[in-house]
Amino acid sequence: MDADLDLNGIEKLLAEMTLEEKLGQMTMSPAGSATTGPVRGEATTEAVRAGAVGSLLNIWGRVATNRFQKLAVEETRLGIPLFFGVDVLHGHRTVFPIPLAEAGLFDPVYWERTARAAAREAAADGADLTFAPMLDIARDPRWGRMAEGAGEDPLVGARFAVAKVRGFQGGDLAAPDSLAATAKHFCCGGAALAGREYAAADLSDRAVHETYLPPFRAAVEAGCAAIMAAFNSVGGVPMTAHVPLLRAWLREKLGFDGVIMSDYAAIEELIDHGVAADRAEAAGLALKAGVDIDMVSGVYFSALPEALSRGLAKMADIDAAVRRILILKMKLGLFDDPRRRAKARRSASGAAKKLALDAARRAITLLTNDGTLPLGENIRRIALIGPLADAREEMVGPWTLAADPRQCSTVLEGLRAALPDREIFYQQGVTIRGDDVSGIDAARAACETADAVILCVGEAARMSGEAASRARPGLPGRQRELAEAVLATGRPAVALLFSGRPLIVPWLAERARAMVAAWFLGAGAGAAIAEVLTGRFNPTGRLPVTWPRAVGQIPIFFAERPAARPANPDDPFTSKYIDLPNEPLFPFGHGLSYAEVKLDKLRLGQEEFRPGDRITVEVEARNLSGRAARETIFLFSRDRVAAAAPLVLELKGWAKVELAPRRKKTVVFTLAAEDLSSLDADLAWRLEPGDFDIYVGLSADRRFLLSARLRCRPA
């Protein structure tokens, strides 16, 4: 193969290829290092040698990738290199916090840094492409894949998308330490019916364009190399066959010219959706929609010839798909040096582990605290209770294929290292999901003489992620019985919640003296938690999702539309529950610290503006405490009157501010006038004249927001 292959060379190569060779390039097969879906036929050396495979997934390691690459380059007729794809969602060898936890940093710099570190490690292991970032907006904690994304808000999702694409791809996609990013799952997977994985998403076109597409637009604008179509249907059309969204919106409107791939076996599953009668029809539908690569199902290779003969597919569409695949391989530098990543120098793991610890400490979210935290010098005897107190493998979290759990520190290890002069008594009590309660008495006894109790409860790592929907997202197994026994002792109890989603535990929030969202924090878990509990690190994590108090509130999010009859406690005929408050347990953006920050003196740079103007918003942040503070301040807006019912609150930005004890700073936000646009009847973004409310606060709790009003004049 010519090392200097260019676009003209790709056209010549395309002209030389047989139909089978083209279909081979459109086929991605598993190679056996991990199982991330239903078991299908794995790639064989014979299939690679025959040119029947163009890319492999779930394979890493220099020896393994070099072996397959050697076959492709040296023993196939045309010598076209493979590319290797791996899930790198929150680290490769080094494990970072799960994306939902990392989103709580509200810090694109860190989002990009962790992706860059993960890309270096995965590329050194022979990977060329990652199936990340996951950009599904998620507003239903029953859906297990909420753990893999940035939460409920499209602006957060869009900024997360840009940071992750930049981090994975770096400045040069051909660089030996860069990976091609794959934005997934396009789109609306997070709106699955009843939170059930793979279920349909029945949404209005307005909801799709307003909420679920912005992160993908941002990824495309950031130069994302690939897009993965979602399993689910949207409005009755499976995404793998969705011509209006894949071809018309993504390809034509946005101009995306990268590779679109199916999810795992999703083309064959068009038959299960009921839109294809056989594999040939499924192949034709996916190709027509613009799907270039068939992941795992083998439908393209086996059934596209029949689809062509039946008039269900066009050769021009096959050529276009293969062209895009070859161009991606060219951009990855694979024609120049097929083993360029596997030959690269391995990155230093020490730097990645330091970054993992820093990200972990910043992701921890203090949900409640009556002053019990941080643990004071008077706390000499600590009872560490629960199935997640010494659970190294669970700290890894879901979707970490290559990581060794031994890198993770546990809460027990972290506390013993941080507090060597204290007595720490550990009792597991119960397992995460089992029914054995014989250990509860010993756990209760350990608490009786303790100055404080640290209760470590929550989910197992594999209870979040793909195929991990939960109808009852509370504490599994007999953990509530353990918690009730601990709380009944009357000792000051701090609850640490480990999960990939908000857990429905209002009773625990009410009775524990402090409650902490510890998520799944990765390599630095135990050390980071110890730093926060002891006050060596002032917690800075903020919730990227609204935390419900009951399953009956789900789906729940702050950016809802107004009710015809807004809730009024004095009027029964208004929009509210008769058995529960409307308000969540914790709002979007919530998170406490050991400092106290107050906002006041909200000022606008002008009272009126026109299209094209810049708008400035200022607010004074004052640290009322004797501790340094690092606070996240949110900027929201609301269009007072619009052609379509406006959202009651829209996130328009956020700022991070560091405040010395007893000091204040003025925080300045700058908006473009067009940032206040909304979708018109034709689903085009348009700035409408009229009044807008501007809000600033420490969360999306409307009771505590500062507000001001400004008016948009016609151009």
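Please refer to the structure higher up on the page.
Residue numbers run consecutively from 1 along every chain, following the written order of its sequence. Predicted model: local features are reported for residues with pLDDT of at least 70 only, side-chain atom pairs are reported and counted for 80 or more only, and whole-chain, interface and lining totals are derived from all residues. Remark: hydrogens and water are excluded; side-chain values derive from all non-hydrogen atoms of the structure.

### A closer look at the overall build of the protein chain
Here is step 1 of the chain: Of regular secondary structure, the protein chain possesses 21 helices and 26 strands.
Here is step 2 of the chain: We take the radius of gyration over the C-alpha atoms and set the globule estimate at 2.2 Å times the residue count to the 0.38 power. Computed over its C-alpha atoms, the radius of gyration of the protein chain comes to 26 Å, within 12% of the 27 Å expected for a compact globule of 715 residues.
Here is step 3 of the chain: Its C-alpha atoms give the protein chain principal-axis dimensions of about 75 × 65 × 45 Å.
Here is step 4 of the chain: We call two residues in contact whenever any of their non-hydrogen atoms come within 4.5 Å of each other. For the protein chain, the share of sequence-separated contacts (at least 6 apart) that also reach a separation of at least 24 residues comes to 78%.
Here is step 5 of the chain: All accessibility values rest on the Shrake-Rupley procedure with a 1.4 Å probe; residue burial counts only the protein chains present in the view. Element-wise, carbon and sulfur atoms account for 49% of the exposed surface of the protein chain, whose accessible area totals about 26,400 Å².
Here is step 6 of the chain: Charge counting treats Lys and Arg as positive and Asp and Glu as negative, with His and both chain ends excluded. Charged side chains are reduced to one point each, which is NZ for Lys, CZ for Arg, CG for Asp and CD for Glu. Taking the 88 positively charged and 90 negatively charged side chains of the protein chain as two groups, their mean positions are separated by 4 Å. Numbering of helices and strands starts at the N terminus; helices are DSSP runs of H or I of at least 4 residues and strands are runs of E of at least 2.

### Regarding the environment of F557
Here is step 1 of the chain: Tracing the backbone through its elements, the reader meets F557 in the loop between α21 (525-533) and β17 (597-604).
Here is step 2 of the chain: Distance in space between the C-alpha atoms of F557 and V545 is 7.2 Å, their sequence separation being twelve residues.

### Thoughts on the pattern of salt bridges
Here is step 1 of the chain: Here, a salt bridge means any Lys or Arg side-chain nitrogen found within 4 Å of an Asp or Glu carboxyl oxygen. Enumeration according to the criterion identifies 54 salt bridges in this entry.
Here is step 2 of the chain: R120 serves as the salt-bridge partner of D177, at 3.8 Å between the closest nitrogen and oxygen. Placement of the pair is D177 in the loop between α7 (154-169) and β5 (180-186) and R120 in helix α6 (residues 108-124), with a sequence separation of 57 residues.
Here is step 3 of the chain: Exposure categories follow from relative accessible area, calculated using a 1.4 Å probe and restricted to protein chains: below 20% of the type maximum is buried, above 50% is exposed, and the middle band is partly exposed. Looking at R120, the relative accessible area reads 35%, which means it is partly exposed.
Here is step 4 of the chain: When salt bridges that share partners are traced, they join D278, E281, E306 and R310 into one network.

### Comments concerning the nonpolar core
Here is step 1 of the chain: Counting 219 residues, the largest nonpolar core has F186 and L508 as its most contacted members.
Here is step 2 of the chain: In terms of residue count, α6 provides more of this core than any other element does, eight residues in total.
Here is step 3 of the chain: Not counting the four nearest positions on each side in its chain, L508 is found in contact with L455, V457, L487, A495, L497 and M515. The nonpolar core is taken to be a set of buried Ala, Val, Leu, Ile, Met, Phe, Trp, Tyr and Cys residues, with the residues joined through side-chain atoms within 4.5 Å.

### As for the packing of α7 against helix α9 (residues 214-221)
Here is step 1 of the chain: All axes are obtained by fitting lines to C-alpha atoms, using only the stretch in contact for helices, and the reported angles, taken between N-to-C directions, cover 0 to 180 degrees. Put simply, α7 and α9 touch, their axes get as near as 8 Å, and they point 25° apart. On the basis of the axis angle, α7 is roughly parallel to α9. α9 is crossed by α7, and the crossing has right-handed handedness. On α9, the residues touching P154, G157, A158, A161, V162 and V165 of α7 are P214, P215, A218 and A219.
Here is step 2 of the chain: Throughout, the ten residues Ala, Val, Leu, Ile, Met, Phe, Trp, Tyr, Cys and Pro are labelled nonpolar, Asp, Glu, Lys and Arg are labelled charged, and all others, Gly among them, are labelled polar. Partitioned by chemical class, the residues of the contact of α7 with α9 number nine nonpolar, one polar and no charged. Each angle receives one of four descriptions, namely roughly parallel if under 35 degrees, roughly antiparallel if over 145, roughly perpendicular if within 65 to 115, and oblique otherwise. If you view the pair so one helix is near and one far, a crossing is left-handed when the near helix is turned anticlockwise from the far one by less than a right angle, and right-handed when it is turned clockwise.

### Points about unusual backbone geometry
In terms of backbone geometry, most residues other than glycine have negative phi values and most peptide bonds are trans.
Here is step 1 of the chain: Between F186 and the following residue, C187, the backbone shows a cis peptide bond with an omega angle of -10°.
Here is step 2 of the chain: Within the fold, C187 resides in the loop between β5 and α8 (205-212).
Here is step 3 of the chain: Cis peptide bonds are those with omega within 30 degrees of zero, and the linkage from L373 to P374 qualifies with 0°.
Here is step 4 of the chain: With respect to the helices and strands, the residue P374 is situated in the loop between β11 (365-369) and β12 (381-385).
Here is step 5 of the chain: Despite not being glycine, Y198 shows a phi value in the positive range, around 75°.
Here is step 6 of the chain: Along the polypeptide, Y198 turns up in the loop between β5 and α8.

### Quick look at the packing of helix α10 (residues 243-253) against helix α12 (residues 279-289)
Here is step 1 of the chain: The geometry of α10 relative to α12 is characterised by a closest axis approach of 8 Å and an angle of 30° between their N-to-C directions. Between α10 and α12, the angle falls in the class roughly parallel. Contacts between α10 and α12 pair V243, L246 and R247 from the former with L287, K288 and A289 from the latter.

### Let's talk about the state of the cysteines
Here is step 1 of the chain: Disulfide: a pair of cysteine sulfur atoms within 2.5 Å of each other. Scanning the model with the defined rule gives zero disulfides in all.
Here is step 2 of the chain: C188 provides the cysteine sulfur closest to C187, a residue in no disulfide bond, and the two sulfurs are 3.5 Å apart.
Here is step 3 of the chain: A relative accessible area of 0% places C187 in the buried class.
Here is step 4 of the chain: The buried category is assigned to C188, whose relative accessible area is 2%.

### Observations concerning helix α18 (residues 440-448)
Here is step 1 of the chain: Here α18 has its buried residues at I440, A443, A446 and C447. All buried residues of α18 project into a common sector of 120° when viewed along the axis, lining one side.
Here is step 2 of the chain: Looking at the buried residues of α18, the elements they touch are β12, β13 (423-427), β14 (452-458) and α19 (479-488). This arc is built from the directions going out from the helix axis to the C-beta atoms.

### Let's talk about the sheet that holds strand β15 (residues 493-498)
Here is step 1 of the chain: The strand order across the open sheet built from six strands is β11-β16-β15-β14-β12-β13, with neighbouring strands paired in mixed fashion. Both edges of this open sheet fall to β11 and β13, since each of them pairs with a single strand only. Pairs of neighbouring strands in the sheet enclose a mean axial angle of 15°, with direction left out of account.
Here is step 2 of the chain: For two strands to count as paired, DSSP must find a minimum of two bridges between them. Here β12 runs beside β13; their pairing, made up of five bridges, is parallel. By the bridge assignment, I382 is partnered in β13 with I424.

### A few points about α9
Here is step 1 of the chain: Those residues of α9 that sit buried are P215, F216, A218, A219 and V220.
Here is step 2 of the chain: On its buried side, α9 packs onto α7, β5, α8, β6 (226-229) and α10.
Here is step 3 of the chain: Once α9 finishes, G223 follows within two positions and takes phi at roughly 95°, a positive value.

### Overview of the side chain of T94
Here is step 1 of the chain: Tracing the chain through its elements places T94 in the loop between β3 (83-86) and α5 (99-103).
Here is step 2 of the chain: A polar side-chain atom of T94 sits 2.6 Å from a polar atom in the side chain of E121.
Here is step 3 of the chain: Apart from the residues lying within four places of it in its own chain, the contact partners of T94 are E121, A352, K353, A356 and Q407. Side-chain atoms alone can form a polar contact between residues adjacent in sequence; in general such a contact is a pair of N or O atoms within 3.5 Å, and within protein one must be able to donate a hydrogen while the other accepts it.

### Some thoughts on the sheet that holds strand β1 (residues 27-30)
Here is step 1 of the chain: Pairing in this open sheet of eight strands is parallel, and the strands run β9-β6-β5-β4-β3-β2-β1-β10 from one edge to the other. The open sheet is flanked by β9 (259-261) and β10 (294-295), the only strands paired with a single partner.
Here is step 2 of the chain: As defined by bridge partners, β6 adjoins β9 across three bridges and the pair is classed as parallel. Note on β9: the bridge partner recorded for I227 is I260.
Here is step 3 of the chain: Its contacts with the sheet put helix α14 (residues 315-331) on β3, β4 (129-130), β5 and β9, and the angle it makes with β9 is roughly 115°.

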